[in-house]
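Residue-level structural notes
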Amino acid sequence: MVCNRDLTNHRKIFEVSCGNHNGPSVTFITNSLVVFRDSENNLPVFRITDIDTGEIKYKIRAKESHCAENGKYPFSVSSEFMGKNPDYPEINECGIYILDVLSGKITLAASEEKILDMVRSHGLTPNEHTASVSHVRLNPSATSVMMRLGVEDCPVFGALGCIDLDSGKTHIIPDKPVHQLWFDDDTYMATRQFNQGRHIEMESSYIARFSKDGEELEILGGISNHTDGSPDRKLFAGDRCYPSFAPNVYLYRRGEKEPLAVFEIPKEEYITWKLQIHPNPSFSRDGKRLYFNRQSGGGKYKTEAVFADISEFV
């Protein structure tokens, strides 16, 4: 569904088949183009659609990424997708691809062999799922691509890989911080979590900025799981999405662990953990709103997408 900023003119664009955890993962590419996840014949597919005309510009069977940068949309192809994109013969091996949304050109950014060689060159051990990467995302200038890697050496948090597209230089952070996003062209923002044997601690988590190779550069905020930063990187948000806690959303001033504001969410463990619906806060592009998913307290399956007006802190 799309609507105007003032919540008028709601209209249906497409009926998707997807799970609860990330939903359709819809994001705007331009003011008229959106990209979202769907499923067809039990195989993931992403579609890029014009919200004004309803025209589907691209339909590609692959694992979608977070968003487009500079009109370029990355995606990953693993073995189950091979031979399933007859309209795109250039998708002919496993790896990470980039679609130029304007021209339609698809290029291979990193082959499966490149990904496995990267893991081995940094002293880690690939497993059968390593090349099936997730959370693929380009940096703002579309010159580097990051991805989450499953490796034998990091069973809890996995590893975070990065490839600089021009030089081919690679970077890896073992036991990575979680729910990483690009902070700028060269660094990440993510939540640092600590595993104490049987559980991941909520109390010791915090938002920080990291180099591509894992050096912690600065603290950005306090308790968090899923996180985001305002466009000017002055505010940060995180959710208390941990078992046995109400998954409240916190707003932080950069560098401060004490929140500026707390947005309370009812504790509904079934919704949060059985249905896997997480708050996952996200800033609007003008930085004046904070969007998140919220258990409404209206029943076992009742959730809603909401926003908080945070213009007083901008």
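Described in the following lines is the structure provided in the data block. (Residues numbered from 1 in each chain as written. Predicted model: local features only at pLDDT ≥ 70, side-chain atom pairs only at ≥ 80, totals over all residues. Heavy atoms only, no water.)

1. Overview of the overall build of the chain
The criterion, for reference: Labels follow the DSSP assignment, with helices taken as runs of H or I lasting at least four residues and strands as runs of E lasting at least two, numbered in each case from the N terminus. Classification of residues uses two cut-offs on accessible area relative to the type maximum, computed with a 1.4 Å probe and protein chains only: under 20% is buried, over 50% is exposed, and between them is partly exposed. In what follows, a contact means two residues having at least one pair of non-hydrogen atoms within 4.5 Å. Areas reported as accessible are Shrake-Rupley estimates using a 1.4 Å probe. Residue values count occlusion only from the protein chains shown. Only four residue types enter the tally: Lys and Arg on the positive side, Asp and Glu on the negative side; His and the chain ends are excluded. Lysine's charge is taken at NZ, arginine's at CZ, aspartate's at CG and glutamate's at CD.
Tallying secondary structure elements over the chain gives two helices and 22 strands in all. With respect to the three principal axes, the spread of C-alpha positions in the chain is 50 × 50 × 35 Å. Among the 314 residues that make up the chain, the fraction classed as buried is 48%. Counting contacts in the chain only where the partners sit at least 6 residues apart, residues at least 24 apart contribute 42% of the total. Carbon and sulfur atoms make up 46% of the accessible area of the chain, which totals about 15100 Å². Within the chain, the 44 negative side-chain charges are centred at a point lying 3 Å from the centre of the 36 positive side-chain charges.

2. Observations regarding a nonpolar patch on the surface
The criterion, for reference: Distance thresholds for patches are 9 Å for like charges and 5 Å for nonpolar side chains (Val, Leu, Ile, Met, Phe, Trp, Tyr), applied to residues having over 30% relative accessible area and no salt bridge. Between Lys or Arg on one side and Asp or Glu on the other, a salt bridge is scored when a side-chain nitrogen of the former is within 4 Å of a carboxyl oxygen of the latter.
A cluster of nonpolar side chains, contributed by Leu7, Tyr291 and Phe307, occupies part of the molecular surface with about 250 Å² of accessible area. As for its placement among the helices and strands, tyrosine 291 is situated in strand S21 (residues 289–295).

3. Some details on the state of the cysteines
The bond known as a disulfide is covalent and runs between the sulfur atoms of two cysteines. The following threshold applies: What counts as a disulfide here is a pair of cysteine sulfur atoms lying within 2.5 Å.
Throughout the structure, instances matching the rule amount to zero disulfides. Looking at cysteine 67, it has no disulfide partner, and the nearest cysteine sulfur is the one in cysteine 162, 15 Å off. With a relative accessible area of 12%, cysteine 67 lands in the buried category. Cysteine cysteine 154 is unpaired, with the sulfur of cysteine 162 as its nearest cysteine sulfur at 16 Å. Taking relative accessible area as the criterion, cysteine 154 reaches 4% and is therefore assigned buried.

4. A short note on the pairing of strand S9 (residues 144–149)
So the rule is basically this: For two strands to pair, DSSP has to find at least two bridges joining them.
Among the six residues that make up S9, five are buried, leaving the element largely enclosed by the rest of the structure. For strand S8 (residues 134–138) and S9, the ladder comprises three bridges, and the chain directions are antiparallel. Note on S9: the bridge partner recorded for arginine 137 is methionine 146. Counting the residues between successive antiparallel strands, the hairpin from S8 to S9 contains five residues, one of them, alanine 142, with a positive phi of roughly 60 degrees.

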